[in-house]
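Per-entry structural report
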Amino acid sequence: MLEKREDGKKDQESLQILISTINIETDEQVQQLVKKMNIKSDYLVVNQVKQKDEVVICNKKVITLEKYGLSCSRNVAIKQANTEIIMLADDDVSYVENYNEIIKEAYRKNPKVDMICFWIESKNKERKVKRMPSGKVGYLRVMRICSFQISMKRDNIKDIYFDERFGSGSKYDRGEEGIFLCDCLRKGLKIKFINQKIGTVDQKESTWYKGFPKEYFEIQGKVFKRMYPKFYVLIIIQFAIRKYHQYRKQITFKQALKAMLI
């Protein structure tokens with residue numbers, strides 16, 4: 001779908017930003033989005049809409065889907081990407097001027113790493129993006145990473161995709177990035193976090209966080225079971241203990257634990 005080099009091979013030094021967005025209707029809106037995000041590299045937009053026939057985009061860098069779901073958007077973007085290095089992005093991310101070189105240099109310095117996650121600062125102080133020391137990402141550290149922090153060597157991912165039952169707009173409205181990263185670890189991929197800022201994210205409002213009703217814990221339990229099928233009970237118990245001070249006014253510890261273990 002996208003242009004490749006004349007020899008038909010992927011550019012080993014190129015980077016493509018894979019943008020997930022909704023309801024863009026014109027080429028002008030696409031260009032405004034790219035400018036707002038400060039994208040200086042190649043990019044691919046997956047635009048999810050209610051009705052395709054109302055969209056008038058004629059842009060080879062845009063894929064329009066008559067379907068919602070963040071995981072679906074990520075999967076389409078990954079399948080259609082045509083560069084060696086790809087970076088997942090939301091439409092409220094804005095990159096620093098030299099993000100392109102930061103990302104490519106990180107892969108040059110870590111040739112055996114399959115995926116590198118970077119720090120993107122949240123402008124919303126109530127929804128902070130975790131900043132960690134640089135180092136290996138294992139099964140527990142994945143819980144501190146958002147999908148828009150993830151870059152990867154496309155060819156190394158092979159047939160690993162986001163579970164479309166999880167994520168914004170899906171049956172279970174969160175947890176898609178943790179599940180995806182755990183699946184990658186189970187396949188033997190090497191993941192690293194580099195504590196270097198490559199951008200900011202607005203995160204003005206969450207599409208799924210509505211406090212701590214019973215339904216919150218029911219979904220969280222399903223996320224943990226999918227991420228950690230062998231020891232999810234331990235993860236659920238520690239989560240219930242660690243988050244108790246946040247939810248105790250809405251639901252009891254026993255109720256929260258029971259909801260996650262259903």
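Residues numbered from 1 in each chain as written. Predicted model: local features only at pLDDT ≥ 70, side-chain atom pairs only at ≥ 80, totals over all residues. Heavy atoms only, no water.

1. A word on the pairing of strand β8 (residues 150-153)
Along a regular strand, successive side chains alternate from one face of the sheet to the other. What counts here: Under the scheme applied here, a residue whose accessible area is under 20% of the maximum for its type counts as buried, over 50% as exposed, and between as partly exposed, the area being computed with a 1.4 Å probe on protein chains only. Where helices and strands are cited, they refer to DSSP runs of H or I of at least four residues and of E of at least two residues respectively, numbered from the N terminus. Pairing between strands is defined by DSSP: at least two bridges between the two strands are required.
Of the two faces of β8, both are covered, the one formed by Ile 150 and Met 152 as well as the one formed by Ser 151 and Lys 153. When strand β4 (residues 85-90) meets β8, the two strands line up antiparallel, connected through 3 bridges. Among the inter-strand pairings, Ile 85 is bridged to a residue of β8, identified as Lys 153. Bridge count for strand β6 (residues 115-122) against β8 is 3 bridges, and the pairing is antiparallel. Of the residues in β8, the one forming a bridge with Cys 117 is Ile 150.

2. Here's the deal with the side chain of Thr 83
Rules: Polar contacts here mean pairs of N or O atoms no more than 3.5 Å apart (in protein, one a potential hydrogen donor and the other a potential acceptor; neighbouring residues in sequence count only if both atoms are side-chain atoms).
Within the secondary structure layout, Thr 83 lies in the loop between α2 (70-80) and β4. Here the side chain of Thr 83 touches Gln 16 through a polar contact of 3.4 Å, landing on its backbone nitrogen. One polar contact links the side chain of Thr 83 to the main-chain carbonyl oxygen of Ile 85, over a distance of 2.9 Å.

3. So, the pattern of salt bridges
The condition is simple: What counts as a salt bridge is simple: a side-chain nitrogen of Lys or Arg found within 4 Å of a carboxyl oxygen of Asp or Glu.
For the structure on display, the rule yields 14 salt bridges. The shortest N-O distance in the salt bridge between Glu 218 and Lys 214 comes to 3.9 Å. Within this pair, Glu 218 and its partner Lys 214 are both found in helix α6 (residues 214-227), separated by 4 residues, close to a single helical turn. Taking relative accessible area as the criterion, Lys 214 reaches 44% and is therefore assigned partly exposed. Residues participating in the shared-partner salt-bridge network are Asp 163, Arg 165, Asp 183, Arg 186 and Arg 226.

4. Quick word on the pairing of strand β9 (residues 191-201)
With 3 bridges joining them, strand β5 (residues 93-95) and β9 adopt antiparallel strand pairing. Each residue of the ladder has a partner; that of Ser 94, found in β9, is Thr 200. Strand direction decides the pairing type here: strand β7 (residues 135-136) and β9, joined by 2 bridges, are antiparallel. Counted as the bridge partner of Gly 135 is Phe 193 from β9.

From the geometry alone we can't say anything about function, so treat these as descriptive.
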